[in-house]
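Here are the chains, one letter per residue:
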Amino acid sequence: MMWAEVALPLAVNINFSYKVPESLREQIQIGQGVKVPFRKFFLNGIVTKLSDNSLAPLQENSLKEIHSIVSSNQSVPPPLLQLMEWLSQEYACTLGEALSMVPLRPNSTFKGEFKLSGAEIDINWKLPYPLTEEQQRAIGAISGAIKGNENRNFLLYGVTSSGKTEVYLHVIRETLRLGRQALFMVPEIAICPPFLEVLRERFGSKVGLWHSQVSSKEKREVLEKIGSGEIRVIVGARSSLFLPLDKLGLIILDEEHDYSYKQQEKPRYHARESALKLMELHKGVVVLGSATPSIETFYKGELGIFHLLELPRRVSSSSLPAVKLVDKKVSGARDSVLSNELKDLLTKILMKREQSILALNRRGFYTFLICSHCGFVWKCPQCELAMVIHKDESGGVLFECHYCFFKKRVPIQCDSCGSHNLNYGGCGTQKVVQELKKLFPYARILRLDKDTARKKGVSTETYESFKDEKADVLVGTQMVTQSFHFPRVTLVGIVDADTALYHPDFRAAEKSYQWLSQAAGRSGRSEMGGEVLIQSSLTEHYVLKSLLEKDYRTFYAREIQFRKELSYPPFSRLVLLRVQGSKKMEWVVTESERLKDFIKSKISEGIDILGPGPCPREFLQGRKRWQMLVKCKERQSVSYLTKIVLEFVPKAGVQVMVDVDPYDTL
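For the structure given in this document, a descriptive report is provided here.

The rules we used
- Residues numbered from 1 in each chain as written.
- Predicted model: local features only at pLDDT ≥ 70, side-chain atom pairs only at ≥ 80, totals over all residues.
- Heavy atoms only, no water.
- Helix = DSSP H or I, 4+ residues; strand = E, 2+ residues; numbered from the N terminus.
- Rg over C-alpha atoms; globule rule 2.2 N^0.38 Å.
- Buried < 20%, exposed > 50% of the residue type's maximum accessible area, 1.4 Å probe, protein only.
- Contact = heavy atoms within 4.5 Å.
- Areas by Shrake-Rupley, 256 points an atom, 1.4 Å probe, with all protein chains shown as cover.
- Salt bridge = Lys/Arg side-chain N within 4 Å of Asp/Glu carboxyl O.
- Pairing = 2+ DSSP bridges.
- Axes fitted to C-alpha atoms, helices over the stretch in contact; angles between N-to-C directions.
- Core = buried A, V, L, I, M, F, W, Y, C linked by side-chain atoms within 4.5 Å.
- Phe/Tyr/Trp six-rings, centres within 6.5 Å; stacked < 30°, edge-to-face > 60°.
- Expected span 1.5 Å × (residues − 1).
- Right-handed = clockwise from strand over helix to strand, strands pointing away.
- Parallel < 35°, antiparallel > 145°, perpendicular 65-115°, else oblique.
- Left-handed = near helix turned anticlockwise from the far one by under 90°.
- Nonpolar A, V, L, I, M, F, W, Y, C, P; charged D, E, K, R; others polar.

What follows concerns the overall build of the protein chain. When you go through the protein chain residue by residue, the secondary structure sums to 19 helices and 27 strands. Its C-alpha atoms give the protein chain a radius of gyration of 27 Å, within 12% of the compact-globule value 26 Å for 666 residues. Its C-alpha atoms give the protein chain principal-axis dimensions of roughly 85 × 70 × 50 Å. Every one of the 666 residues in the protein chain was classed for burial, and the buried ones make up 56%. Sequence-distant contacts, at least 24 apart, represent 76% of the contacts inside the protein chain between residues at least 6 apart. When the accessible surface of the protein chain is split by element, carbon and sulfur atoms take 49% of a total near 28,600 Å².

Our next topic: the pattern of salt bridges. All chains considered together, the criterion is met by 36 salt bridges. For E166, the salt bridge goes to R202, with nearest N and O atoms at 2.8 Å. With a gap of 36 residues between them, E166 in helix 6 (residues 164–177) and R202 in helix 7 (residues 192–203) connect regions that are remote in the sequence. Here the two residues E166 and R202 agree in accessibility, since each one is buried. Here R507 and E296 are joined by a salt bridge, their closest N and O atoms 2.9 Å apart. Of this pair, R507 sits in the loop between strand 22 (489–494) and helix 15 (508–520) while E296 sits in helix 10 (residues 295–303); the two residues are 211 residues apart in sequence, bridging distant segments of the chain. By the burial criterion, R507 is buried, and E296 matches it.

Before going further, it helps to spend a moment on the sheet that holds strand 27 (residues 654–660). An order of 25-26-24-27 is seen for the four strands of this open sheet, with the pairing classed as antiparallel. The open sheet terminates on both sides in strands that have one partner only, identified here as strand 25 (607–620) and strand 27. On average, each strand axis in the sheet is inclined to that of its neighbour by 20°, with strand direction left out of account. Bridge count between strand 24 (residues 573–581) and strand 27: seven bridges; the pairing is antiparallel. Residue R578 lies in a different strand from strand 27, and its bridge partner there is M657.

As a further point, take the nonpolar core. Residues M84, F242 and I251 are the most contacted members of the largest nonpolar core, which totals 100 residues. When sequence neighbours within four positions are dropped, the list of residues in contact with M84 reads L95, A98, L99, M101, V102 and F242. Residues L156, V186, V233 and V285 belong to the second largest nonpolar core, which totals 33 residues.

Let us look at the packing of aromatic side chains. Across all of its chains, the model carries 26 aromatic pairs by this definition. With a centroid separation of 5.3 Å and 80° between ring planes, the pair formed by Y157 and F298 is classed as edge-to-face. With Y157 in strand 6 (residues 152–158) and F298 in helix 10, this residue pair connects regions lying 141 residues apart in the sequence. Taken as a pair, Y157 and F298 share a single burial class, namely buried. A ring pair is formed by F242 and Y269, whose centres lie 5.0 Å apart and whose planes are at 75°; its orientation type is edge-to-face. With F242 in the loop between strand 9 (233–236) and strand 10 (248–254) and Y269 in the loop between strand 10 and helix 9 (271–282), the pair connects residues that are 27 residues apart, well separated along the chain. Take F242 and Y269: they sit in the same class, and that class is buried.

In the segment running from P569 into P570, the intervening peptide bond is cis, with an omega of 15°. Going from G611 to P612, the amide bond is cis rather than trans, its omega being 10°. Here P612 is to be found in strand 25. A positive phi angle is found at D661, which is not glycine, with a value near 55°. Position of D661 relative to the elements: it lies in the segment after strand 27.

Tracing the backbone shows A237 in the loop between strand 9 and strand 10. For A237, a relative accessible area of 10% puts it in the buried group. Remark: the alpha-carbon pair of A237 and K147, spanning 90 residues in sequence, is separated by 27 Å. Setting aside residues up to four positions removed in sequence, A237 forms contacts with M185, V186, I189, W210 and H211.

Moving on to helix 6. End to end, helix 6 covers 20 Å across 14 residues, agreeing with the expected 20 Å (1.5 Å per residue, within 8%). Counting buried positions along helix 6 yields twelve of 14 residues, so the element is predominantly enclosed. Burial in helix 6 covers these residues: K164, E166, V167, Y168, L169, H170, V171, I172, R173, E174, T175 and L176. Phi turns positive, to about 80°, at G179, one or two residues after helix 6.

A separate point is the pairing of strand 23 (residues 531–536). Side-chain direction in a regular strand flips from residue to residue, so the side chains alternate between the two faces of the sheet. In terms of residue burial, strand 23 counts as a mostly covered element, since five of its six residues are buried. Sheet topology note: the strand 13 (residues 322–327)/strand 23 ladder contains six bridges and is parallel. The residue of strand 23 that forms the bridge with D327 is S536. Crossover handedness for the path strand 22 to helix 15 to strand 23: right-handed.

Another aspect to go through is the pairing of strand 15 (residues 368–371). Side chains L369 and C371 project from strand 15 onto a buried face, and the interleaved F368 and I370 project onto a face without burial. Where strand 15 lies against strand 19 (residues 422–425), four bridges are found, and the strand directions are antiparallel. Looking at the pairing, F368 lines up with G425 of strand 19.

Okay, helix 12 (residues 429–439) next. Among all positions of helix 12, only T429, Q430, K431, V432, V433, E435 and L436 are buried. Tucked inside the fold, the buried residues of helix 12 contact helix 11 (340–351), strand 14 (355–359), strand 16 (388–391), strand 20 (445–448) and strand 21 (473–476).

Now for the packing of helix 6 against helix 7. For the pair helix 6 and helix 7, the least separation of the axes is 11 Å and the interaxial angle reads 45°. Between helix 6 and helix 7, the angle falls in the class oblique. The interaxial crossing formed by helix 6 with helix 7 has right-handed handedness. For the pair formed by helix 6 and helix 7, the contact residues are T165, E166, L169, I172, R173 and L176 on the first element and F195, V198, L199, R202 and F203 on the second. Here the contact of helix 6 with helix 7 is composed, by residue class, of seven nonpolar, one polar and three charged.

Turning to the side chain of E166, a few remarks are in order. Note on E166: relative accessible area 5%, which makes it buried. Those residues in contact with E166, other than ones at most four positions away along the chain, are L127, P128, Y129, L131, Q135 and R202.

What follows is about the sheet that holds strand 2 (residues 16–19). Strand order in the open sheet formed by five strands is 2-1-4-3-5, with antiparallel pairing between adjacent strands. Edge positions in the sheet fall to strand 2 and strand 5 (68–69), since each of these pairs with one other strand and no more. The sheet contact formed by strand 1 (residues 3–7) and strand 2 spans four bridges and is antiparallel. In the strand pairing of strand 2, V6 is matched with F16.

See below:
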């Protein structure tokens, strides 16, 4: 009898055994998608083992049969299957949960070679400008590793507009010439359109798109064309890493520092670390690109673990934009979100018919509502966090919780004391747009944030409209400050630079420096030059001073010293353990202390435990939450720790969440 082990998308750390019917014996393979009976349902899973060895008679008789094969071809290439096994061990999830992220490829009749001729690859290879010496060196180093089938990792550290994209295009071309596939990853869906456009200009229909807003029909077409060899290059967000690319030779992670590469829901993997492991298995090349690399990545570049390639100057005749700080405490009217200096600059730019970007890392209209009489602040009943005020398309005013999406109409009197003296506070992107329309009624204004980008096609439409100069001002959150190239943008205004600096997070300074520097880099990308104006109440903060000096290395030197002194990454690895429940708070507290004692009884050395204590957001989505942060001094301590935590059995009604290498500790 032939039987198979099948990984199912369940939170149980075992595979399930099934008989292989005679009708499927000649077709079934390891890595294949199969449909199997499970209790009263049918589930899709992945075959992880096949065997003809006999089982005990009782066990053989109890096995159910595989119902059918999802596709007749091997859907999960061996390196990808190995990656998912590694990911399940590294990020505390089951193999079935990890494999559930792999899309199954339909049948394909393609049997030939992937290798293309130079004419087929060089569809439109007219360079916009001569390559700089630094670009040529970077292309040569990366291409050499690709030609040699070496597993090498490169950090392409270049200032904004230094020509990183052109380096990417050249090494993709080399990858295709050698008969291999390339994956181009970006952190946000909104960033896909410009890269898809430039890649299709160079490589035509060989480029496919993959992210969560791609329709099911389009995804099936992409999978079919990957199998047939028609698509050789993928542009995609985090989930594109798990496509069945069996001849993968190159992965590029643009804006490698971005925290969107870390998945917040289970499986809580980091796409950067997973990409490095995948290319180790494929014996291929990873290129990590950024103008503001993560501290951990730059540290590896300094040590030589990653091959550091630098692009220190812009490729065009333009220079880096001038940066000016404006103190919000002393500039502008009290009832305005824009300082007098920013208003004056906007007026000048609009009169010259140039373009501007205004960035603010808060969406919505106002960030809270307070009663002036008694001080009551409206909070989400599920999360106990201040409700954000939004305006809908009809002009109605709504409260919205950004965590559980609870909504309600904004009241006209205080729920606590009945007073009608209510005041709004803070501001989001909607408020900025409203103020711009009042100040500049003739200006054409676009907004791009998480709210607008939810609708399919809006990101692409907004990008195209602004690129084609159908708008004068683009207002948005962090997604408008990365990777976009708008030559006529000569002003970037940071409406509030302080938002991220207030966060109780050891990465607060790093995240602030990165998004502010990326935002500044959108200005002055042509011979017209550019300016950046940053509004802040913390004008003496070292992050802002580093920005004024355009000096990443000085900022890095200060941050790496801070990390070393307190043993934060890269000098340790972190594991966040969050204990949560919807019932009694004392249960959560008791189980948190019991979990800590359980860990300490199993591990006596190599870790430091901070906590337990209440989460900064102690109540979220109706759950009470406590947490502890564990610093692991050795890499191998992480898998041992997570194994121990998974053995812990909490009280009924209480759950333990494990997040390895967390980016959100709130």
